[in-house]
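# Understanding the architecture of this molecule
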Amino acid sequence: MKKKFALALAAIMMTGTLAACGSTNTNDNAGSTADNTTSGTSAVEAIKEKGEIVMLTNAAFPPFEYLADDGSVQGVDADIAQAVADKLGVELKIVDMDFDSIVNSLKAGKGDFAAAGMTITEERLKQVDFSDEYVTSSQMVVVRADSDLEGDKDALDTALSGKNIAVQAGTTGDWYAGGDETTGSTIEKANVLQYKSATEAALHLANGKADAIIIDQKPAEAIVAANDGKLKVLDTKLTDEQYAFAVQKNQEDLLAVINEVVAEYKGDKVDELITKHMGA
Amino acid sequence: MIDVKDLHKYFGKNEVLKGVNEHIHKGEKVVIIGASGSGKSTFLRCLNLLEQPTSGTITFEGTDITDPKQNINKLRQKMGMVFQQFNLFPHLSVKENIKLAPVKLGIMTEQEAEKKALELLERVGLPDKANAYPKQLSGGQQQRIAIARALAMNPDVMLFDEPTSALDPEMVGEVLELMKELAEEGMTMVVVTHEMGFARSVATRVLFMDQGVIAEQNEPEQFFTNPQHPRLKEFLSKVL
Amino acid sequence: MNEWFAKVVSDFSGAFIEGDRWKLYFQGLGKTLQIAAGAVVLGIIIGIVIAIIKVSANQHSNSGKCPVFLKILEKICDIYLTVIRGTPVMVQLLIIYAGIFVTMTDGTIAAIVGFGINSGAYVAEIIRAGIQSIDKGQTEAGRSLGLTSGQTMRLIILPQAIRNILPALFNEFITLLKETSVAGYVAVQDILKMATNIQNKVYNIAPLMITAVFYLVLVIIMTQVQKQIERRLAQSDRR
């Protein structure tokens, strides 16, 4: 009986392993996308052939992406992505998913690029390539309006140690709250409440479940604005980071097109878009 | 002993008993016959309140059992009942089936009940089945155990609801024989049955129920040889 | 093939061994078990109470008279059963977390209560169905001997009903254990949440495969226990 059990388990492990390998292997193959582009054909040609370019995002990160009242995904990223699609002469299709699934989905070829207010990090660079950055951002601390929390980065890290910190799962803020050294965080033993969206984190900060939120600058401003007077964002910047679009590894031609668009938008045009979408 | 006055019973809007009046004396063996749907089983089941009468009174040994203030559980201890489907408890052995109620109701100690159970098993002719389980017994044996179980409470009256209807023909005899012996010992009995031979030889009185009332009753000889009611004549011509 | 195999090994060791990550799975597993066990206990309590109300209301209305308070209780139970069985457990969980335990930081309590309330509805139906599957003649035989309705239930009906109830109850617990995997939505770090966190470091599906194996082992153990119980019940059936 015991032997049989062990055998069955081993078999299951193997099947799982096979599946795991299946996916990792494809990802390692240079430039191969879900639609089985033969090597030699470029990513851009494949997209043009398809007639559409697929953007992966998590539409709960205003002003970069959010669901509009009509159910469509809007935001700074969507606008820039539209410019990329226009440049290629194809339709833009936006797929909304959990933020913490985006990198894996991109790797697995479920989309052509990711535009999700995503920070360039070393760990992500091992998995995907990034375009030039189009926004610089920081992790910020959001607290209830009556909080007297203040200070520089080190003081905040110390003050937040051991506290209940709400974050959006899988974001830089999540890792920062968890004390991940690669983010420069010195927070110790915080109770990290991982939510699916920035808006959920804001809800549970407002109702008292959390003591603070650590989140990117623009979403921080957006959720403070949306919670009329109940929340505030502290001035201290915990990190310096850059947002960029992500593409699968070895797709230089697509990356080049995206970089052209990014160069066009970076600076004033992005600021305009941010202002436009902050009000929405 | 049992006095029934103006008993009515509705199932929803359907009136099954339409005013039954009857008096059963101590020591009587009353057999109730009638077509299915005539209300005979319902009448019997009203006697120990397995069916709640809609109106009317039933007096048992001087107590109005339809009075909600009366403790029906106490009264039922004195009225044994035997069912068409035996209804033995399948999770208990034969002996445990018999002992359960006397012990749990505090009427007998474990030892007394044990002794009583073995006596009764002897009495119904199944002394070797004490530790068997109901599933291992034939229908006839199960029904004899069910009778023993009812007798364990030392009831003053025994109610039989078609006790042989679910039995294979070859097993009917053993159950009727046991009932006959009980009757000879002087037990008060009310029996709903289709066994006309039993009615004729054992009953002191036979009731014919039709459309929710007792249409005719008589001592067995007259009842079977000289029926008056046209419905009874018709019924007897079919079953005899 | 070798390269392929090496990749697998490195994926799995990266997801399990490196940085002592296996500890995180066990931490998450502890949370998962804590939620599941708490919910099972709560579910059984709720289930028994509701089953008693439903069964006794049913018996009373069969005998023609059902007290008003019992009718009201039964109505409340019916509403509860309809709402709980008619809505997804995840929606219930999110509502309980954000709407009832508004200021309580630890989502574990919300998860236990949420899954417990959910499970209670199913347990109630399992117990009720088990009791009502026992032939009415058994109750009549018990009552005709002078036993009270309580004694009849305890001595005659329940010992028989338990044979139908136990296996179904175990199935419910297995389902419940698996359902707790959505607890991550209320900021609880159960085993699946731990796995997704690890996944955000290693970027492959090895953490999910490992989590699947954890669940599978738990379910296989529970199934074995269930089989043992069923075997015992079957033995006593053959007597």
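For the structure itself, consult the block above.
Attention in this report is confined to the structure presented alongside it. Remember, it's a predicted structure, so these values are computed and weren't measured experimentally.

What follows concerns the interface of chain B and chain C. The interface of chain B with chain C comprises 25 residues on the first partner and 24 residues on the second. For the pair chain B and chain C, the summed buried surface comes to about 2,100 Å²; carbon and sulfur atoms form 57% of the total. In terms of surface lost to chain C, no three residues of chain B exceed B:Asn73, B:Phe89 and B:His91, which account for 25% of the buried area on that side. With a shortest N-O distance of 2.5 Å, B:Arg45 and C:Glu140 are connected by a salt bridge. Linking chain B to chain C there are seven residue pairs in polar contact (both at pLDDT 80 or more). Within the residue set of the side of chain B that touches chain C, elements represented by two or more residues are α2 (72-76), β6 (79-82), α3 (94-104) and α5 (139-151) of chain B. Partitioned by chemical class, the residues of the side of chain B that touches chain C number 13 nonpolar, seven polar and five charged.

With that out of the way, let us pick up the nonpolar core. The nonpolar side chains of a soluble globular protein tend to be buried with one another. Ranked by size, the top nonpolar core spans 139 residues in total, and within it A:Ile53, A:Phe113, B:Ile2 and C:Phe115 carry the most contacts. The biggest single contributor to this core is helix α7 (residues 149-179) of chain C, with eleven residues. Here this core spans two domains, and each of domain 1 (2-135 + 243-278) and domain 2 (139-233) of chain A adds at least three residues to it. Apart from residues lying up to four places away in sequence, B:Ile2 is in contact with B:Glu22, B:His23, B:Ile24, B:Leu47, B:Ile58, B:Thr59, B:Phe60, B:Met79 and B:Val157. Within the second largest apolar cluster, 48 residues are counted, among which are B:Val82, B:Ala132, B:Ala146 and B:Leu167.

What the rule picks out here adds up to twelve aromatic pairs over all chains. Seen from their ring centres, A:Phe113 and A:Phe245 are 5.6 Å apart, and the 20° between their planes marks the pair as stacked. Linking A:Phe113 in strand β6 (residues 113-114) with A:Phe245 in the loop between β14 (241-243) and β15 (246-247), this pair joins segments that are 132 residues apart in sequence. Accessibility assignment for this pair places A:Phe113 and A:Phe245 in one class, buried. Seen from their ring centres, C:Trp22 and C:Phe26 are 6.3 Å apart, and the 80° between their planes marks the pair as edge-to-face. Remark: C:Phe26 and C:Trp22 occur in helix α2 (residues 22-62); sequence separation between them is four residues, near one turn of the helix. Residue C:Phe26 is classed as partly exposed on the basis of its relative accessible area of 42%.

Applying the stated criterion across every chain yields a total of 32 salt bridges over all chains. With a closest N to O distance of 3.4 Å, A:Asp129 and A:Lys249 form a salt bridge. Taken together, the residues A:Asp129 in strand β7 (residues 129-130) and A:Lys249 in the loop between β15 and α10 (252-265) connect sequence positions 120 residues apart. You can call A:Asp129 buried: its relative accessible area is 17%. A relative accessible area of 29% places A:Lys249 in the partly exposed class. Among the ionic pairs, B:Lys99 bridges to B:Glu114, the shortest N-O distance being 2.8 Å. Of this pair, B:Lys99 sits in helix α3 while B:Glu114 sits in helix α4 (residues 110-123), placing them 15 residues apart in sequence. Residue classification places B:Lys99 among the buried residues on the basis of a relative accessible area of 10%. Residue classification places B:Glu114 among the partly exposed residues on the basis of a relative accessible area of 24%. Three or more residues are tied together by salt bridges with common partners; here these are B:Arg45, B:Glu51, C:Lys136 and C:Glu140.

Bringing the sheet that holds strand β10 (residues 164-168) of chain A into the picture now. Residue and element names in this part refer to chain A. The five strands lie next to each other as β11-β10-β12-β9-β13, forming an open sheet whose pairing is mixed. Of all strands in the sheet, those bounded by a partner on one side alone are β11 (191-195) and β13 (231-233). Neighbour-to-neighbour, the strand axes of this sheet turn through a mean angle of 30°, independent of strand direction. Note that strand β9 (residues 139-144) and strand β12 (residues 212-216) share four bridges and pair antiparallel. Note that in β12 the partner of Gln-139 across the bridge is Asp-216. Across the sheet, helix α9 (residues 217-226) touches β9, β12 and β13, and the angle it forms with β12 is around 130°.

Residues and elements named next belong to chain B. Read across the sheet, six strands follow the order β6-β7-β8-β3-β9-β10 without closing on themselves; strand pairing throughout is mixed. Each edge of the open sheet is held by one strand with a lone partner, namely β6 and β10 (213-218). Averaged over all pairs of adjacent strands, the angle between their axes in this sheet comes to 20°, without regard to strand direction. Packing of helix α1 (residues 40-47) onto the sheet brings it into contact with β3 (29-33), β6, β7 (157-161), β8 (188-192) and β9 (205-210), and relative to β7 it is tilted by some 150°. Across the sheet, α5 is in contact with β6 and β7; its angle to β6 comes to roughly 170°.

Conventions and cut-offs
- Residue numbers here run from 1 along each chain, matching the order of that chain's written sequence.
- Starting at A for chains and at 1 for ligands, labels are handed out in the order in which the entities are written.
- In keeping with the model being predicted, local features are shown solely for residues with a pLDDT of at least 70 and side-chain atom pairs are shown and tallied solely at 80 or more, while totals for entire chains, interfaces and linings include all residues.
- The basis for every side-chain value is the complete set of heavy atoms in the structure, and neither hydrogens nor water enter the calculation.
- Throughout, a contact is declared for two residues whenever any of their heavy atoms are within 4.5 Å.
- Put simply, buried area is the surface a 1.4 Å probe can reach on two separate parts but cannot reach once they are joined, added for both.
- Each reported salt bridge corresponds to a side-chain nitrogen of Lys or Arg within 4 Å of a carboxyl oxygen of Asp or Glu.
- A 3.5 Å cut-off defines polar contacts: any pair of N or O atoms within that distance qualifies, except that in protein one atom must be a possible hydrogen donor and the other a possible acceptor, and neighbouring residues in sequence count only when both atoms are side-chain atoms.
- By definition, any uninterrupted DSSP run of H or I lasting at least four residues is a helix, any uninterrupted run of E lasting at least two residues is a strand, and each is numbered from the N terminus.
- Under the scheme applied here, ten amino acids are nonpolar (Ala, Val, Leu, Ile, Met, Phe, Trp, Tyr, Cys and Pro), four are charged (Asp, Glu, Lys and Arg), and all others, including Gly, are polar.
- In this text, buried Ala, Val, Leu, Ile, Met, Phe, Trp, Tyr and Cys residues form a nonpolar core when linked through side-chain atoms within 4.5 Å.
- Only protein chains enter the calculation, and the probe is 1.4 Å; a residue is then buried if its accessible area is under 20% of its type maximum, exposed if over 50%, and partly exposed in between.
- For the domain bounds, the source is a domain assignment made automatically or taken from a database.
- Only rings of Phe, Tyr and Trp enter the pairing, Trp through its six-membered ring, and a pair is recorded when the two centres are within 6.5 Å. The plane angle decides the type: under 30 degrees is stacked, over 60 is edge-to-face, the rest tilted.
- Strands qualify as paired when DSSP identifies two bridges or more between them.
- Angles shown run from 0 to 180 degrees and are taken between the N-to-C directions of axes, each axis being a line fitted to C-alpha atoms and, for helices, limited to the stretch in contact.

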